[in-house]
Amino acid sequence: MPRPRVVIVGGGFAGAFTAKYLRKYAKDSIEIELINAENYFVFQPLLPEVASGTISAPDAVTPLRYMLPGVKFRMAEVTHVDADAKRVHFLQGSRRVPQSVAYDQLVLAVGQKTNLSFAPGLAEHSVCMRNLADAHQLRNKIIRRLEHADVTEDAELKQRLLTFVVGGGGFSGVETIGEVAEMVARTLKFYPNIATAEVRHVLVQRGPRLLEELPERLGLYAQEKLAARGIDIRLNTSIASATGNDVYLDDGTSIPSCLLVTTVGNGPSTFTTGLGINLERGKIPVDANLRAIDRDDTWALGDAALIPLPSEDGEPRFAPPTAQFATREAKCVAKNIVRSLAGEAPEQFDFTPQGSLASIGNYKGVAQIFGLRLSGLIAWMLWRFLYIGMLPGFATRLRVALNWGFDYFLPRSIVQIANQTESATLYRYFAKGDTVSFPGQRVDGFYTVTEGCLESRIPVDGEAEDFVRVIGPGDHWGERSLSNNTTTLGTLTATDNTRVMVLKRRDFNNLRNTFPALDDYFKSINDKIYAPHLRQQKEPTCK
């Protein structure tokens, strides 16, 4: 008999560790498939150190195929779930062909996406700290601003370039500002025209103190040590808006700055909102067993799930979105899936955290663990010791440990390896006879022919001949599929050597949504292009 198939969507702490524990508990009795957009697992608490150059980016991640032997991995973009048919639909490969896989049990560990809509300009003018690309981008931006500040003669511009603002006084915000301050301090010796006094770091915290997840004494200690390093801490203050030159606060003041980092602002992903589940607080509600409400075959955990905890004072409690909780939730889900498939009752999730730790840079940290409250060098060393123990795989642990060792003896690298700036448009070339697209393919952009010729053939129900359209220089295609979010219907072939310009999907939709005249144009031509009397072109020719 075929083995039950468990499909896991998401490769973060929640998803990856669920697959790991399922493999441990179920052995080979079930088939496990994990689907994720990236082929690696990133240890998010290390992202601030990646941004500061303490750890190189490749050493902070673990390939999921290395981490999860015996688990089938698929790198793809999950689009939706058909709960009735019990199938997960996704796009994979460069052709973005929609495909699906059946499941017996489904695990949703998709996390949340950054939502900066609460303040104008944040999405356009700030760097987040959610993934490896964010950390890499922040590092490049810091180095770029130091390079510019060292040579500019504009005093006002120099002030903006050397002012670094971080929004959010939780673990991510405190660790980020601490690492950024240390990175800048250790690299200033390479920039002779920048004085230490010219550098300014600002931490904006909405609440009355930093690290509200920790006891007040430790939060105050972190605040004291950061302030002693010259970091300007703004408590009971929120970011109201931002531009490329200034950060505006809700108290009416502004901070001249060209670099803003935001570590707050979460919301459900488009995939989560399209599940057909009534979300609560923007998350998937689950019962005490971590099973999605009204879905016997679906489990949810991690940042995407609203997980109830036993109440202590009559008030509802929910699991926080931390790695420590996510790994314990993963173990519970794995056990409950095995129990469910065996016809046994699932167990309830209940976890008391062992403690919390945070690094504040400059070889200092704060920690509450096993009832002990620690600060300073001891807490920082404990932070590193425990985090390296949580890293998956010996190779990753060794690489991170070596990075930490090198950082102690060697200067920080100031090499800027920026990603190549991508244009909103790109060009593609097709040789005569090439199949450009085929039925059922997801269009990835809006195409305009610059030279050459193509032929589109679409089968017509009830008619012997296909609908034929010739696409020559100045003609275009893809707008209807992009607007309706549908796949292609026919086959498109290059009848001559052809070059086309492609406007990417997101850029095309943004342009069409903000340019009414363009939207009206596309609405008007669709009927003309596909009108019945144009379906048959007996002698199609290019212009």
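Residues numbered from 1 in each chain as written. Predicted model: local features only at pLDDT ≥ 70, side-chain atom pairs only at ≥ 80, totals over all residues. Heavy atoms only, no water.

Peer 1: A description of the overall build of the protein chain should follow, citing residues and the corresponding values.
Peer 2: In terms of helices and strands, the protein chain carries 15 helices and 35 strands. Rg of the C-alpha trace for the protein chain: 27 Å, near the compact-globule value of 24 Å for 543 residues, within the 12% margin. Taken along its principal axes, the extent of the C-alpha atoms in the protein chain is 80 × 70 × 45 Å. Each of the 543 residues in the protein chain was classed as buried or not, and the buried ones make up 48%. Restricting to contacts in the protein chain with at least 6 residues of sequence separation, those with at least 24 account for 69%. Surface accessibility of the protein chain: about 26,400 Å² in total, with carbon and sulfur atoms responsible for 51%. Averaged over its 61 positive side-chain charges, the protein chain has a centre that lies 4 Å from the centre of its 60 negative ones. (Helix = DSSP H or I, 4+ residues; strand = E, 2+ residues; numbered from the N terminus. Rg over C-alpha atoms; globule rule 2.2 N^0.38 Å. Buried < 20%, exposed > 50% of the residue type's maximum accessible area, 1.4 Å probe, protein only. Contact = heavy atoms within 4.5 Å. Areas by Shrake-Rupley, 256 points an atom, 1.4 Å probe, with all protein chains shown as cover. Lys, Arg positive; Asp, Glu negative; His and termini not counted. Charge placed at Lys NZ, Arg CZ, Asp CG, Glu CD.)

Peer 1: Now, about the confidence of the model for the protein chain: what can you tell me, with residues and values included?
Peer 2: Across the protein chain, the average pLDDT comes to 89, with 96% of residues at or above 70. Confidence over residues 531-539 falls short of pLDDT 50; this stretch has 18 contacts with residues more than four positions distant or in other chains. (pLDDT = per-residue confidence, 0-100.)

Peer 1: Can you explain the packing of aromatic side chains? Please cite residues and give values.
Peer 2: The final tally for this structure, using the stated rule, is 19 aromatic pairs. An aromatic cluster is defined as three or more aromatic residues linked by ring pairs; in this entry it consists of Phe13, Phe17, Tyr21, Tyr25, Phe41, Phe43, Trp383, Tyr387 and Trp404. (Phe/Tyr/Trp six-rings, centres within 6.5 Å; stacked < 30°, edge-to-face > 60°.)

Peer 1: If you had to explain a positive patch on the surface to someone new, which residues and values would you point to?
Peer 2: Together, Lys20, Lys24, Lys27, Lys331, Lys335 and Arg397 give the surface a local cluster of positive charge. Relative to the elements of secondary structure, lysine 335 occurs in helix H10 (residues 323-341). Judged by its relative accessible area of 30%, lysine 335 falls in the partly exposed class. (Patch = residues over 30% accessible without salt bridge, like charges linked within 9 Å, V, L, I, M, F, W, Y side chains within 5 Å. Salt bridge = Lys/Arg side-chain N within 4 Å of Asp/Glu carboxyl O.)

Peer 1: Could you give an account of the layout of surface pockets, with specific residues and numbers?
Peer 2: Roughly 380 Å³ of volume is contained in the second largest pocket. Around the second largest pocket, the lining is made up of 18 residues, and of these Gly53, Ile55, Ser56, Arg139 and Ser413 lie nearest the centre. Those elements that provide at least two residues to the lining of the second largest pocket are helix H5 (132-151) and helix H12 (394-409). In terms of residue class, the lining of the second largest pocket is built from 8 nonpolar, 7 polar and 3 charged. (1 Å grid on protein atoms, 1.4 Å probe; cavity = no way out; pocket = protein on both sides within 12 Å on 5 of 7 lines; lining within 4 Å. Points joined across faces, edges and corners; volume = space filled by probe spheres on them. Nonpolar A, V, L, I, M, F, W, Y, C, P; charged D, E, K, R; others polar.)

Peer 1: Outline the nonpolar core, listing residues and values.
Peer 2: Ranked by internal contacts, the top residues of the largest apolar core, which has 116 residues, are Val88, Leu138, Ile142 and Leu226. Aside from chain neighbours lying at most four places away, what touches leucine 226 is Val174, Ile177, Gly178, Leu203, Leu210, Ile231, Ile233 and Ile360. Core analysis: the second largest hydrophobic core is formed by 19 residues, Phe430, Ile471, Leu503 and Phe508 among them. (Core = buried A, V, L, I, M, F, W, Y, C linked by side-chain atoms within 4.5 Å.)

Peer 1: Any chance you could break down empty space enclosed by the protein for me, citing the residues and the numbers?
Peer 2: Within the structure shown, the criterion is met by 2 cavities of 30 Å³ or more. In this structure, the largest cavity spans a volume of roughly 50 Å³. Taken together, Thr54, Glu179, Glu182, Ser359, Asn362, Tyr363, Trp380, Arg384, Asp407 and Arg412 form the lining of the largest cavity. At the level of secondary structure, the elements contributing two or more residues to the lining of the largest cavity comprise helix H7 (171-187) and helix H11 (377-390). Of the residues contributing to the lining of the largest cavity, the split by class is 2 nonpolar, 3 polar and 5 charged.

Peer 1: Could you give an account of the side chain of threonine 272, naming the residues involved and the relevant values?
Peer 2: Structurally, threonine 272 can be placed in helix H9 (residues 270-273). Within the local environment of threonine 272, its side chain forms a polar contact with the side chain of serine 269, the two groups lying 2.9 Å apart. The residues contacting threonine 272, other than those within four sequence positions of it, are Val110, Gly111, Leu279 and Ile284. (Polar contact = N/O pair within 3.5 Å; in protein donor to acceptor, adjacent residues only side chain to side chain.)

Peer 1: Quick one: what's the story with unusual backbone geometry, residue by residue and with numbers?
Peer 2: With a phi angle near 55°, lysine 86 is a residue other than glycine that sits in the positive phi range. Checked against the element boundaries, lysine 86 lands in the loop between strand E6 (77-82) and strand E7 (87-92).

Peer 1: An account of the sheet that holds strand E34 (residues 491-494) is requested, with residue identities and associated values reported.
Peer 2: Here 4 strands make up an open sheet; going across it, the order is E29-E34-E31-E32 and the pairing antiparallel. What marks the edges here is a single partner per strand, and that holds for strand E29 (435-437) and strand E32 (467-471). Adjacent strand axes in the sheet meet at a mean angle of 25°, parallel and antiparallel pairs treated alike. Relative to E34, E29 runs antiparallel, the two being bridged by 2 bridges. In the strand pairing of E34, threonine 435 is matched with threonine 493. (Pairing = 2+ DSSP bridges. Axes fitted to C-alpha atoms, helices over the stretch in contact; angles between N-to-C directions.)

Peer 1: So what's going on with helix H14 (residues 505-514)? Which residues, and what values?
Peer 2: Within the sequence span of H14, burial applies to Arg505, Phe508 and Arg512. In a view along the axis of H14, the buried residues occupy a sector of 65°, so they form one face of it. In H14, those exposed residues whose orientation departs by more than 90 degrees from the buried face are Arg506, Asn513 and Thr514. (Arc of directions from axis to C-beta.)

Peer 1: Describe the packing of H11 against H12, and please don't skip the residues or the numbers.
Peer 2: Where H11 contacts H12, the two axes come as close as 9 Å, and the packing angle between them is 155°. Between H11 and H12, the interaxial angle falls into the category roughly antiparallel. Crossing angle aside, the handedness with which H11 passes H12 is right-handed. From H11, Trp383, Arg384, Ile388 and Gly389 reach across to H12, where they touch Arg397, Ala401 and Trp404. (Parallel < 35°, antiparallel > 145°, perpendicular 65-115°, else oblique. Left-handed = near helix turned anticlockwise from the far one by under 90°.)

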